[in-house]
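Below are the chains, spelled out letter by letter.
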Amino acid sequence: MNILNKLSPQFKEFLQEEGIDEEIFLFEQTLRYIRIKPDYQITFEQLQQQVSNQILSINEIPTIYSLPADEKINNLQLYKDGNLYGIDKSSAAVVYSLDINKNDINLLEICCAPGAKLTFIADLLRLQTKEDGIQRKVFGVDISQNRLNITQSIVNKYKLEKFVELILEDGTKYKSEILFDKVLIDAECTHEGSIKHLKKYINKPINEKNTKKQQKNSKASKKQLQKNYTNTYTTEQTKANQWTEEDFNSRFLDQKKLQQIYDLQFSLLENGYRLLKQNGMLVYSTCSFSQKQNEDQIIKFLEQNADAILVNPFHGMNQQQCKSGKIFNTVRFDPKVSNTGGMFIAKIQKL
Ligand SMILES: C[S@@+](CC[C@H](N)C(=O)[O-])C[C@H]1O[C@@H](n2cnc3c(N)ncnc32)[C@H](O)[C@@H]1O
């Protein structure tokens, strides 16, 4: 059955209002992506033998490879030993756009869990430290304890503890005594760019979408969240990517909740920028296709911050596989063009 027929009229309305082409949901991603630890010594022939004979090198981003979408990685020895990670190419590109180099000592990622980008950043810092002995760190802030627990276990698995500090905090309020060389804000968003995940939800029969157990969990975790935080609009289920119907509706269809997310994104941007050193770089990314959550946020931010300028996120990277955003110097990964999940990337320099 055509998946477009399964989208609810309200969801279609959301897509229309946000200027998102619903045909995007017809796209089937045929590739998945992996990352090899940057200093792990392995030849391409060995990767073909140990991972898949269909592995391909992604030339634009070092250490990233593609596999057919249905290849599993969990049983691979390289994965078990902590030398191989699963990461979408669009997420790897977000880290690549930070252009991490020897001058970067302290980095900050706000909205860091479950840590796909954070562990990539930490690996690149570890590599620099291996060369010159100078200790470096990425500070990861997230509002969800559950998701930070998952992040910590990934950090431990990949032995990156010395290069990562995790902080349970609202990213709009986080304060620090140091300013950061680079800041990544991988902002909470409506997530409809994660098409693979959204399709799983849309394809579920309606009675599976909102089981009693999920409803109960959802209520319990909502209470917990209300106890801990005041400004979040998501439940622990959505944060663990196990959406209930209620989560789905509130994420896309409730105008008040949508406004809350726009406000949250802008406050994250403001706070991240406040924590950035002069001449430092801030990258803002979301996995939403929505202009209101992407370009509009950046335009408003630039209007209010005279010392902020937009710079090209891809210092020399071949941009054939992604599209320009709706304003100059921003980038969009459009699944139909890039064979990845959706992603928006903007890079701002503080003059
Ligand atoms: C898109 S996910 C981040 C993915 C992550 N950067 C990665 O690459 O694995 C968004 C995250 O924002 C977090 N979040 C939501 N509201 C927040 C807030 N006010 N402060 C900090 N984190 C928040 C959520 O808990 C969630 O983990």
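Above this text is the structure in question.
These notes cover the structure that comes with them.

Cut-offs and rules
Residues numbered from 1 in each chain as written. Predicted model: local features only at pLDDT ≥ 70, side-chain atom pairs only at ≥ 80, totals over all residues. Heavy atoms only, no water. Helix = DSSP H or I, 4+ residues; strand = E, 2+ residues; numbered from the N terminus. Buried < 20%, exposed > 50% of the residue type's maximum accessible area, 1.4 Å probe, protein only. Contact = heavy atoms within 4.5 Å. Areas by Shrake-Rupley, 256 points an atom, 1.4 Å probe, with all protein chains shown as cover. Near = heavy atom within 4 Å. Polar contact = N/O pair within 3.5 Å; in protein donor to acceptor, adjacent residues only side chain to side chain. Nonpolar A, V, L, I, M, F, W, Y, C, P; charged D, E, K, R; others polar. Arc of directions from axis to C-beta.

### Structural notes on the overall build of the chain
Line of reasoning, step 1. The secondary structure content of the chain amounts to 14 helices and 13 strands.
Line of reasoning, step 2. Buried positions account for 54% of the 351 residues belonging to the chain.
Line of reasoning, step 3. The long-range fraction of contacts in the chain, counting pairs at least 24 apart against all pairs at least 6 apart in sequence, stands at 75%.
Line of reasoning, step 4. Surface summary for the chain: the accessible area is close to 16300 Å², and the carbon and sulfur share equals 48%.

### Points about the site of the ligand
Line of reasoning, step 1. Taken together, 21 residues lie around the ligand, and Glu109, Asp142, Arg147, Gly171 and Asp186 are the ones closest in.
Line of reasoning, step 2. The backbone of alanine 113 places a nitrogen or oxygen atom 3.0 Å from an oxygen atom of the ligand.
Line of reasoning, step 3. In the complex, the protein chains occlude 95% of the 610 Å² of accessible area that the ligand would expose alone.
Line of reasoning, step 4. For the shell around the ligand, the class distribution of residues is seven nonpolar, five polar and nine charged.

### Quick word on helix 13 (residues 295-304)
Line of reasoning, step 1. All buried positions along helix 13 are accounted for by Glu295, Gln297, Ile298 and Phe301. End-on, the buried residues of helix 13 take up no more than an arc of 160°, which puts them together on one face.
Line of reasoning, step 2. Residues of helix 13 that are buried sit in contact with helix 12 (255-274), strand 9 (276-286), strand 10 (308-311), strand 12 (330-333) and strand 13 (343-350).

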